[in-house]
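Each chain is listed here by its residues.
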Amino acid sequence: MLRSQPTTGAGLPLAGVTVVAVEQAVAAPLATRHMADLGARVIKVERPDGGDFARSYDTSVGGLASHFVWLNRGKESVTLDLKSLGGRRVLAELVATADVFLQNLAPGAAARLGFGAAELRARHPRLVTVDMSGYGSSGPYRDKRAYDMLVQCEAGVVSVTGAADHPAKAGIPASDIAAGMYALSATLAALVGRGVSGEGAALEISMLEATSEWMGYQIHHAQATGRSPGRMGLSHPSVAPYGAFPTADGTDVVIGVQNDREWARFAAEFLGRPGLATDPAWATNVARVRRREEVDALVAEHTSVTPADRLVACLDAIGIASARINEVGDLLDHPQLAARHRWRPVRTPGGTVRGLLPPFTVAGVELPMGPVPALGEHTEPVLRELGYSAADIDRLRRRGAVTCVPEDSLA
C-alpha cells in the first residue's frame, strides 16, 4: 500500500489524495501539476525509452525542456513499459491505491491495456477516472491526431485571432490549457461528489470541446448575426474604444472603455469633450462600434501627444483601463508579481529556476513548489512502497518492465 506523500504545509486542500497519471505533452500534465500544487501526490508514469515526449521539446532550461519544467514540478516519475506484463501489473497495483487515474493515451489505448474507465470503475468504485483526448472517444475525428495548433484551427480560434488579413494561433497553447483546466475542475468536483456519495466518477475531456467552450461569445454572435466577429488584432469586435493607441514616445498603450458610464468619464476628463456622453452618435457603445474609425482617430489625437508613462497615470487616475504591451522579459520583472511575492525557487535536474506560484492562493498556506523529477527518479522507491523486494525490482529491470535511476546520478 502506498503511503500518502508528506506535504510541505498544513491545510493543503488535496493532502492525502493520490493521483496516478499516464500522461504526456501539455494538457494532462497541466491538470495534474495543479493537483500537485494543491497537495496531491502525483505519480507520473512514463515510458522507459525517453519518457514524456515533452522532455525533449527543447533544452533551454539547463538542458531541460521549458514545457516540461513548467508542467511537471512536484511529481514523482515512475518508468513502466506498459507493453510488458510486469509493467501493467505495477500500474494496476498503483491504480488500486489511487484516488484519481488520469490518462491521455490515444483513444482506446488505455482500454486495450486493461485500464479503460469502465473496467477500472467496476474494480474500484471510489476511483475517479479522467480520460483526455483531442476530439473525444467517439465521432469521425476520434482517431485524428490532435495537437494544440490544429485544434485551435478546428475550433475557429485562428479565425478570430490575428490581424484582419492574417490569421494567427494564440501564442500560448490555448487548447491544451483549456482541456487541462477543465480536467482539473471536473476532477475536483468529482472528488467533492465522492465525499458525499462514496462513489467515484468517469470523466472525459476533449481539447476540441474545451476550446469550443472558450469560443462561446463568438458562437452566439455568429448564430445571431450569420457572420463571424472576425479578426481584430488588438481591438474588440463588440467594444469601442478598445485597442492599441500611439503615444508621444513611440510605444503603444492599450485602452479599453467597457461601458457607457466609463465613456462619459473618459470623454469629459481625458478627451475634454463632455458632450460626447450625451450625443446619440457617440453616447452608446453600439453607436461607437458603428463609427469605430472616428472614435479611434479622436482618441489617438490625444494619446499621440502624451508620453506613455503620463498617459497610463492619467488613465489610472480617472479609472479607465489600460495596459502596456509587454514582452516576456518584462513579465519576468513585472512589479505587480514582485510586490505580491509570486516567485519561488524550483529545483530541477538541471539546476534551480524561478517558478511562479499557482494562481490560486489559500489563506495561511504556502503551496508546495516541488522539484521537477528526473526520468524514472522515483521508480525504485515507489516499487518498494508497493512491497517489491530488491530481487523483484531487479527482475523487473532485467525484463525491461521498469527502469530505475541510480541514486548517485541525482546528486
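Now for a description of the structure that goes with this document. Here the residue numbers are simple positions, counted from 1 along each chain's written sequence. For a predicted model such as this one, the threshold for reporting local features is a pLDDT of at least 70, and the threshold for listing and counting side-chain atom pairs is 80 or more; totals across whole chains, interfaces and linings nevertheless cover every residue. Side-chain metrics in this entry use all non-hydrogen atoms of the structure; hydrogen atoms and water are not considered.

Strands here are runs of E lasting at least two residues and helices are runs of H or I lasting at least four, both read from the DSSP assignment and numbered beginning at the N terminus. Helix and strand counts for the protein stand at 17 helices and 14 strands. The principal-axis extents of the C-alpha atoms in the protein amount to approximately 85 × 45 × 40 Å. Partly exposed residues are those whose accessible area sits between 20% and 50% of the maximum for their type, while under 20% is buried and over 50% is exposed, using a 1.4 Å probe and protein chains only. Taking all 411 residues of the protein together, 45% fall into the buried category. A separation threshold of at least 6 residues defines the contact pool for the protein, and within that pool the share at least 24 residues apart is 67%. The protein chains shown are the only cover counted for residues, whose accessible areas, like all others here, come from Shrake-Rupley with a 1.4 Å probe. Carbon together with sulfur atoms contributes 56% to the accessible area of the protein, which is approximately 20,100 Å² in total. Measuring between centres, the 41 positive side-chain charges of the protein sit 5 Å from its 44 negative side-chain charges. The contact criterion used is simple: two residues touch if any of their non-hydrogen atoms lie within 4.5 Å. Charge assignment in this entry is limited to Lys and Arg as positive and Asp and Glu as negative, and neither His nor the chain termini are counted. Charge positions come from single atoms, namely NZ of Lys, CZ of Arg, CG of Asp or CD of Glu.

Our next topic: the sheet that holds strand S2 (residues 41-46). Whenever strands of a sheet pair, they do so through backbone hydrogen bonds, lying parallel or antiparallel. Two strands pair if DSSP finds at least two bridges between them. Pairing is mixed in the open sheet, where 7 strands are placed in the order S8-S5-S4-S1-S2-S3-S14. Two strands bound the open sheet, and with one partner strand each, they are strand S8 (201-206) and strand S14 (402-403). Alignment of strand S3 (residues 75-80) against S14, held across 2 bridges, turns out to be antiparallel. Bridge pairing links Leu80 to Val402 in S14. Seen against the sheet, helix H3 (residues 85-96) touches strand S1 (18-22), S2, S3 and strand S4 (100-103) and runs at an angle of roughly 150° to S3. Angles run from 0 to 180 degrees between N-to-C directions of axes, and those axes are lines fitted to C-alpha atoms, restricted for helices to the stretch in contact.

A word on the nonpolar core. Nonpolar side chains in soluble globular proteins tend to end up buried together. Core analysis: the biggest nonpolar cluster contains 28 residues, and Met35, Val130 and Met132 have the highest contact counts within it. Looking at this core, the elements with two or more residues in it are helix H1 (27-37), S4, strand S5 (128-133), helix H7 (174-197), S8 and helix H8 (207-214). Looking at this core element by element, the count peaks at 6 residues for H7. Excluding anything up to four places from it in sequence, Met35 contacts Leu14, Val19, Ala40, Val42, Leu102, Leu184 and Thr187. Membership of the second largest hydrophobic core comes to 26 residues, among which are Leu91, Phe101, Leu127 and Tyr388. Within this scheme, the nonpolar core is defined by two criteria: the residues are buried Ala, Val, Leu, Ile, Met, Phe, Trp, Tyr or Cys, and they are joined through side-chain atoms within 4.5 Å.

Next up on the list: the sheet that holds strand S9 (residues 242-245). Read across the open sheet, the 3 strands follow the order S9-S10-S11; overall the sheet is antiparallel. Each edge of the open sheet carries a strand with a single partner, namely S9 and strand S11 (321-324). Geometrically, the sheet is characterised by an average inter-axis angle of 20° between neighbouring strands, direction not taken into account. Taken strand by strand, helix H12 (residues 292-303) contacts S9 and strand S10 (253-256), and its axis lies near 40° from that of S9. Along the sheet, helix H13 (residues 308-317) contacts S10 and S11; its crossing angle with S11, the most-contacted strand, is approximately 155°.

Moving on: the pattern of salt bridges. Whenever a carboxyl oxygen of Asp or Glu lies within 4 Å of a side-chain nitrogen of Lys or Arg, that contact is scored as a salt bridge. Summed over the entire model, instances satisfying the criterion amount to 22 salt bridges. The partner of Glu23 in a salt bridge is Lys75, with the nearest N and O atoms 2.8 Å apart. Of this pair, Glu23 sits in the loop between S1 and H1 while Lys75 sits in strand S3, placing them 52 residues apart in sequence. Of the charged contacts in the structure, one is a salt bridge between Arg344 and Glu366, with a shortest N-O distance of 2.8 Å. With a gap of 22 residues between them, Arg344 in strand S12 (residues 343-348) and Glu366 in the loop between strand S13 (351-356) and helix H16 (379-385) connect regions that are remote in the sequence. Each member of the salt-bridge network shares a partner with another, and the members are Glu380, Arg384, Asp394, Arg397 and Arg398.

Tracing the backbone shows Asp330 in helix H14 (residues 328-332). What makes Asp330 partly exposed here is its relative accessible area of 38%.

By themselves these figures say nothing about function.
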